[in-house]
Amino acid sequence: MFNITRTCESMTEERANFGSKLGVILATAGSAVGLGNVWRFPYMTGENGGAAFILIYFACVLLLGIPCMVSEFIIGRHGASNTARAYGKLNRAASFIGIMGVLTGFLITGYYAVVSGWCLQYVYASMMGELKGDAGFVTSYFQDFSSSPVRPIFWTVAILAITHFVIIHGVRGGIERASKLLMPALFILLLFIVVASCLLPGAGKGIEFLLMPDFTKVDRGVFLGALGQSFYSLSIAMGCICTYASYFSRQTNLLGSAIQISLVDSIVAILAGLMIFPAAFSVGIHPDAGPSLIFITLPNVFNQAFAGMPIVGWVVSLMFYLLLSLAALTSLISLHEVSTAFFFEELHITRRSGALIVTITTCIIGIFCSLSLGAVSSLSIGGKTLFDVFDFVTGQIFLPIGGFLTCLFLGWVVPRKIVSDEFTNWGTLWKPVVFNAYLFLIRFICPLAIAVIFLHQLEVI
């Protein structure tokens, strides 16, 4: 049997790792599966013509998402440490790329917790029957809640406290165990709502919209939108993938894992579309409702679609927001872990202390971001709320730059032998032609695609 050993440089004594292949897939897929799948993907699909967008998105995942994910896997597993140190082990000058990833994940944790908290509020509201009413009522309910100085902060702190509880129990006892519970629960809820949605009168039009491509609506914007969605949906350049890979064993098939995770991520996105579009079409609501889809449009859809079956409508609404909360929580756990690993390894403190630092500071960020949405309008920079500033800086600046630099770093700076050894598990997996194809994508295609996304977001092209 071929024995794989760590080099002395990358060995970390008593380094935690995932206990099973299933744990690897579910935990890392949980990192990728989040509100981007259940929220952003459906409205992006609605705005960009349905199935044509989905086909382009799949191509982008194959050509951009999977190679970028494998790159972070290689860096994380080779370094066997937090994201900042992992880059530094390969090249000291590249530590700043890892630090940028940690900072990006840290900032996203703060404002992402705000939206995650909204999901918990809507679980409570659904349970208590507070979302019953016409479209005007549902709109005002969201506006009143999101601008409140107290309730959004309560739920933001609550979901960060749940995340903290998972993180302090470690990789196997916390992250892996939670993933094995949360991810199957997410799929069960998703499948239940898909069935309920697809059985509604007139749901066939929504299914057709999702599955029948209309290439007449495809333009440059659709391609760029699909590129961007594939990048963000898989949690590239947030430090999550690299950090989780540091817990991989030497036997983990990196490319195989990336393919499986991307497949799970894409299946969730498609099921989210099958959950939303049939219900929306059944009540005559257009599917390009934009970001307000989840908290304004869908409660109205549920109220109309299940008007004759109030109990079923109550169950579907409750399950939907439970689903959203689980998706948000799995991503929040991975984001929190990025910063926790950095603090407890770099400051030489316990995991609990590192997690406490992250939880307290991200709670503070979340509180200010939440207040900026209405309660304290002066919390703005350049006419943007603090929430929007964090979203813009991380999503449109840090993520593309981090992904771009990672591709160039692994493709052109890291010795080819290191990349090849990690990719092929020291010659035991994949033929040279597969590795050469991967290297070509990382060196040329991925950096170019990311640069195009970046320039488009800045409205340069």
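Residues numbered from 1 in each chain as written. Predicted model: local features only at pLDDT ≥ 70, side-chain atom pairs only at ≥ 80, totals over all residues. Heavy atoms only, no water.

## A look at the layout of surface pockets
In this structure, the largest pocket occupies an estimated 1,100 Å³ of space. Around the largest pocket, the lining comprises 41 residues; the ones closest to its centre are Arg40, Tyr43, Tyr111, Tyr232 and Asp391. Sorting the residues of the lining of the largest pocket by element identifies α1 (21-32), α2 (35-47), α5 (95-127), α10 (220-233), α14 (310-346), α16 (386-413) and α18 (432-457) as the ones contributing at least two each. For the lining of the largest pocket, the element with the highest residue contribution is α16, accounting for eight residues. Classifying every residue of the lining of the largest pocket gives 21 nonpolar, 16 polar and four charged. (1 Å grid on protein atoms, 1.4 Å probe; cavity = no way out; pocket = protein on both sides within 12 Å on 5 of 7 lines; lining within 4 Å. Points joined across faces, edges and corners; volume = space filled by probe spheres on them. Helix = DSSP H or I, 4+ residues; strand = E, 2+ residues; numbered from the N terminus. Nonpolar A, V, L, I, M, F, W, Y, C, P; charged D, E, K, R; others polar.)

## Describing empty space enclosed by the protein
For the coordinates displayed, the defined rule picks out three cavities of 30 Å³ or more. One number sums up the size of the largest cavity: a volume of about 90 Å³. Considering the residues around the largest cavity, the lining is formed by Ala125, Ser126, Gly129, Glu130, Leu131, Lys132, Pro299, Phe302, Asn303, Gly313, Trp314 and Ser317. Put simply, the parts of the chain that give the lining of the largest cavity at least two residues each are α5, α13 (297-305) and α14.

## Details of the side chain of Ser179
Inspection of the secondary structure assignment puts Ser179 in helix α8 (residues 171-198). One polar contact links the side chain of Ser179 to the main-chain carbonyl oxygen of Ile175, over a distance of 2.8 Å. (Polar contact = N/O pair within 3.5 Å; in protein donor to acceptor, adjacent residues only side chain to side chain.)

## Description of the nonpolar core
Ranked by internal contacts, the top residues of the largest apolar core, which has 156 residues, are Met275, Phe295, Phe320 and Tyr321. The residues touching Tyr321, leaving out its near neighbours within four places in the chain, are Cys119, Tyr122, Val123, Ser126, Leu131, Ile294, Phe295, Leu298 and Pro299. (Core = buried A, V, L, I, M, F, W, Y, C linked by side-chain atoms within 4.5 Å. Buried < 20%, exposed > 50% of the residue type's maximum accessible area, 1.4 Å probe, protein only. Contact = heavy atoms within 4.5 Å.)

## Observations regarding the confidence of the model for the protein chain
A residue-level look at the protein chain finds 95% of positions with pLDDT of 70 or above and a mean pLDDT of 89. Here residues 1-13 is modelled with pLDDT under 50, and outside its nearest four sequence neighbours on either side it reaches 18 contacts, counting other chains as well. (pLDDT = per-residue confidence, 0-100.)

## Considerations on the side chain of Thr340
One can find Thr340 in helix α14. Apart from residues no more than four positions distant in its own chain, Thr340 is found in contact with Ile167, Arg351, Gly354, Ala355 and Val358.

## Some points on the packing of aromatic side chains
Each aromatic ring pair is specified by the distance between its two centres and by the angle formed by the two planes. Considering all chains together, one arrives at 30 aromatic pairs under this definition. Arranged with centres 6.0 Å apart and planes meeting at 90°, the rings of Phe18 and Tyr247 form a pair that is edge-to-face. Here the residue Phe18 occupies a position in the segment before α1, and Tyr247 occupies one in the loop between α11 (240-245) and α12 (254-282), the gap between them amounting to 229 residues. A relative accessible area of 7% means that Phe18 is categorised as buried. Overall, the relative accessible area of 1% leaves Tyr247 in the buried class. Both rings, one in Tyr124 and one in Trp155, keep their centres 6.3 Å apart while their planes meet at 40°; by these two values the pair is tilted. Here Tyr124, found in helix α5, pairs with Trp155, found in helix α7 (residues 151-167); they are 31 residues apart in sequence, far enough to count as distant. Assessed through its relative accessible area of 35%, Tyr124 is described here as partly exposed. Positioned over the ring face of Phe392 is Lys384, at 5.3 Å from the centre of the ring. Above the ring of Trp412, the side-chain terminus of Arg443 is found at 4.6 Å from the ring centroid. (Phe/Tyr/Trp six-rings, centres within 6.5 Å; stacked < 30°, edge-to-face > 60°. Lys NZ or Arg CZ within 6 Å of the ring centre and 35° of its normal.)

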